[in-house]
Structures are given as structure tokens and as C-alpha cells.
Amino acid sequence: MSFNKQIKNKDKEKQKLRMQDWSKMTDEELSVMAFSEGIPPSAEENEDGTRVITISMNSENTQMPFGSVKTGPFLELFWRKTGADCDGEEELMDLPDGNTYLICLATHCE
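Each residue is numbered by its place in its chain's sequence as written, counting from 1. Per-residue local features of the predicted model are confined to residues with pLDDT of at least 70, and side-chain atom pairs are confined, for both listing and counting, to 80 or more; whole-chain, interface and lining totals are unaffected and use all residues. No hydrogens and no water enter the side-chain calculation; it runs on all heavy atoms of the structure.

(A) The arrangement of the packing of aromatic side chains in detail. What counts as a ring pair is set by centres within 6.5 Å for rings of Phe, Tyr and Trp (its six-membered ring), and what kind of pair is set by the plane angle: stacked under 30 degrees, edge-to-face over 60, tilted for all other angles. Applying the stated criterion across every chain, the model contains one aromatic pair. Arranged with centres 6.0 Å apart and planes meeting at 10 degrees, the rings of F74 and F78 form a pair that is stacked. Within this pair, F74 and its partner F78 are both found in helix 3 (residues 71–82), separated by four residues, close to a single helical turn. By the burial criterion, F74 is buried, and F78 matches it. In DSSP terms, a helix is any run of H or I states spanning at least four residues, a strand is any run of E spanning at least two, and both are numbered starting from the N terminus. Exposure categories follow from relative accessible area, calculated using a 1.4 Å probe and restricted to protein chains: below 20% of the type maximum is buried, above 50% is exposed, and the middle band is partly exposed.

Structural data, given as C-alpha cells:
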């Protein structure tokens, strides 16, 4: 497959992902879509307390301590589990690595 064709296929995949209606997916489907790099095995709880993760709601992906997360399906899953969906809101959420994080929503991050 040519390099240009590979780029076009990736662009089509990204466009399809952006157009999906996350609200119609199950929590399990959202987890698979959001945590596309795989869900790591459980980790032991940190001694230093809860970690904070800021999610830029306008970003396509968000870097988590255990890998990249697709922001769209993650935000839908976060809203279902916590009710938070606005800039400045923050809630605790258990993530697939077995740790609890304080997730902070932001319209954009610098």
C-alpha cells in the first residue's frame, strides 16, 4: 500500500471516529474506544494520594499516566459515571489501571 493511501485511510478513520454518536454506546464499548492503547493490569495504590488529570474537552486525544485516551468516548463515559460535563467541573473516577484520579474538565489547556 502506498504511503499516500495509508494517510488517506488514517484520515478516513479519524473522521469516522469524530462522527460517532457516543451516547448510543454501552459503557463497555466506550471503554474500548476511549482506552484504545489497551487497558493495563491493575496497579497498586499510590502513597502520595490522588492524582489529577486535566482533560482538554476540545482535544482528540488525552495523555493519561497509562497511555493515550480518545477524548470523545472518554468524556461520554465520564459524564455517565459522574454527571460532570462542563468546563471547570472535576470528579473522582476509577480508571482501568486500578487507581482513582481527580478528573478536571477544561475547554482548552495551555
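Once the structure has been displayed, the description carries forward.
(B) Fine view of the sheet that holds strand 4 (residues 90–94). Between any two strands, at least two bridges found by DSSP are needed for them to pair. Sheet architecture is open: three strands sit in the order 1-5-4, paired in mixed fashion. Both edges of this open sheet fall to strand 1 (51–56) and strand 4, since each of them pairs with a single strand only. Strand-to-strand twist in this sheet, taken as the mean axis angle between neighbours without regard to direction, amounts to 35 degrees. Pairing analysis gives six bridges linking strand 1 to strand 5 (residues 100–106), with the strands arranged parallel. Looking at the pairing, T54 lines up with C104 of strand 5. Axes here mean lines fitted to C-alpha atoms, for a helix over just the part in contact, with angles spanning 0 to 180 degrees between N-to-C directions.

(C) Spotlight on the side chain of T62. Looking at where T62 falls in the secondary structure, it is placed in strand 2 (residues 61–64). Here T62 falls in the buried class, since its relative accessible area comes to 8%. A distance of 2.9 Å separates a polar atom in the side chain of T62 from a polar atom in the side chain of T71. With sequence-adjacent residues up to four places away left out, T62 is seen in contact with T54, I55, G67, S68, V69 and T71. Two N or O atoms count as a polar contact when they lie within 3.5 Å, although within protein this holds only if one can serve as hydrogen donor and the other as acceptor, and sequence-adjacent residues are included solely when both atoms are side-chain atoms. Whether two residues are in contact is decided by their heavy atoms: any pair within 4.5 Å suffices.

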